[in-house]
Amino acid sequence: MLATALSLGLITSMALEERAPDQRPLPTALISIGYVEAKLSDYATSPDYGKRLTDPAGFLAFSADFVGDGRLGRARVLRNVERNIAYVVVVLEREKIDTHVIESMPLDQAEKIGIRVAPPSDESIRAVGIKIFSLDGLDSRTFDLVDDDFQQRIEP
């Protein structure tokens, strides 16, 4: 039914707000201390809202294999209005749950950024990275998991 609605163009931008049935709450302690996953509606009044509408998750979330082991991790933008801060995080669920804070920024700066998967830094590995980019196209940084920590990729 959803696939039919999508193919007929019956799903509007409001449908982007709804969680897909296979998504679970993000398993991180940050959620318990007031952080919430950023939603498209959080940025409805921002100048770059139209650009966010071009991505199914508004450039605020994706899942990918950051380790190269075939299991998905989840990258998200988290917001805390009371503390006026946003985090870009990657949560890896393996033997334990690891939350990697890639960047932190004031909430108003988070209006201007997006996240997406970055291709592997080397063709011989399967692990992908995370790209944090400005919606105006002027800045981007890529991070890869190296020795249990995300490090900024040095672009040639």
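We now turn to the structure provided with this report.

Cut-offs used in this document
- Residues numbered from 1 in each chain as written.
- Predicted model: local features only at pLDDT ≥ 70, side-chain atom pairs only at ≥ 80, totals over all residues.
- Heavy atoms only, no water.
- Helix = DSSP H or I, 4+ residues; strand = E, 2+ residues; numbered from the N terminus.
- Contact = heavy atoms within 4.5 Å.
- Pairing = 2+ DSSP bridges.
- Axes fitted to C-alpha atoms, helices over the stretch in contact; angles between N-to-C directions.
- 1 Å grid on protein atoms, 1.4 Å probe; cavity = no way out; pocket = protein on both sides within 12 Å on 5 of 7 lines; lining within 4 Å.
- Points joined across faces, edges and corners; volume = space filled by probe spheres on them.
- Nonpolar A, V, L, I, M, F, W, Y, C, P; charged D, E, K, R; others polar.
- Buried < 20%, exposed > 50% of the residue type's maximum accessible area, 1.4 Å probe, protein only.
- Salt bridge = Lys/Arg side-chain N within 4 Å of Asp/Glu carboxyl O.

1. Considering the environment of Ile-113
Here is step 1: By the element assignment, Ile-113 lies in strand S6 (residues 113-118).
Here is step 2: The sequence separation of Ile-113 and Ser-134 amounts to 21 residues, and the corresponding C-alpha distance is 4.4 Å.
Here is step 3: Sequence-distant contacts of Ile-113, that is, excluding residues within four places in its chain, are made with Arg-52, Val-77, Val-88, Met-105, Ile-132, Phe-133, Ser-134 and Leu-135.

2. Points about the sheet that holds strand S9 (residues 149-152)
Here is step 1: Here we have four strands laid out as an open sheet, ordered S6-S7-S8-S9, and antiparallel in their pairing. The open sheet has two free edges, formed respectively by S6 and S9, since each of these has just one partner strand. Taking the axes of each pair of neighbouring strands and ignoring which way they run, one obtains an average angle of 30° across the sheet.
Here is step 2: When S6 meets strand S7 (residues 129-134), the two strands line up antiparallel, connected through six bridges. Note that in S7 the partner of Val-117 across the bridge is Ile-130.

3. Focus: the layout of surface pockets
Here is step 1: Space inside the second largest pocket adds up to approximately 190 Å³.
Here is step 2: Lining the second largest pocket, in full, are Val-67, Leu-92, Arg-94, Glu-95, Lys-96, Asp-98, His-100, Leu-145 and Asp-148.
Here is step 3: Looking at side-chain class alone, the lining of the second largest pocket contains three nonpolar, one polar and five charged residues.

4. Side note on unusual backbone geometry
Here is step 1: If you check the backbone angles, Asp-147 has positive phi at about 50° while not being a glycine.
Here is step 2: With respect to the secondary-structure elements, Asp-147 resides in the loop between strand S8 (140-146) and S9.
Here is step 3: You will see that Asp-148, though not glycine, has its phi angle at about 65°, which is positive.
Here is step 4: Its place among the elements puts Asp-148 in the loop between S8 and S9.
Here is step 5: Accessibility expressed as a relative area gives 69% for Asp-148, which makes it exposed.

5. Quick word on the pattern of salt bridges
Here is step 1: Applying the stated criterion across every chain yields a total of 12 salt bridges.
Here is step 2: Residues Asp-48 and Lys-51 are paired through a salt bridge, measuring 3.4 Å at the closest nitrogen-oxygen approach.
Here is step 3: The buried category is assigned to Asp-48, whose relative accessible area is 14%.
Here is step 4: The salt bridge partner of Arg-141 is Asp-139, with a shortest N-O separation of 2.4 Å.
Here is step 5: Its relative accessible area of 38% is what places Asp-139 among the partly exposed residues.
Here is step 6: Taken together, the salt bridges that share partners define one network made up of Lys-39, Asp-42 and Arg-79.

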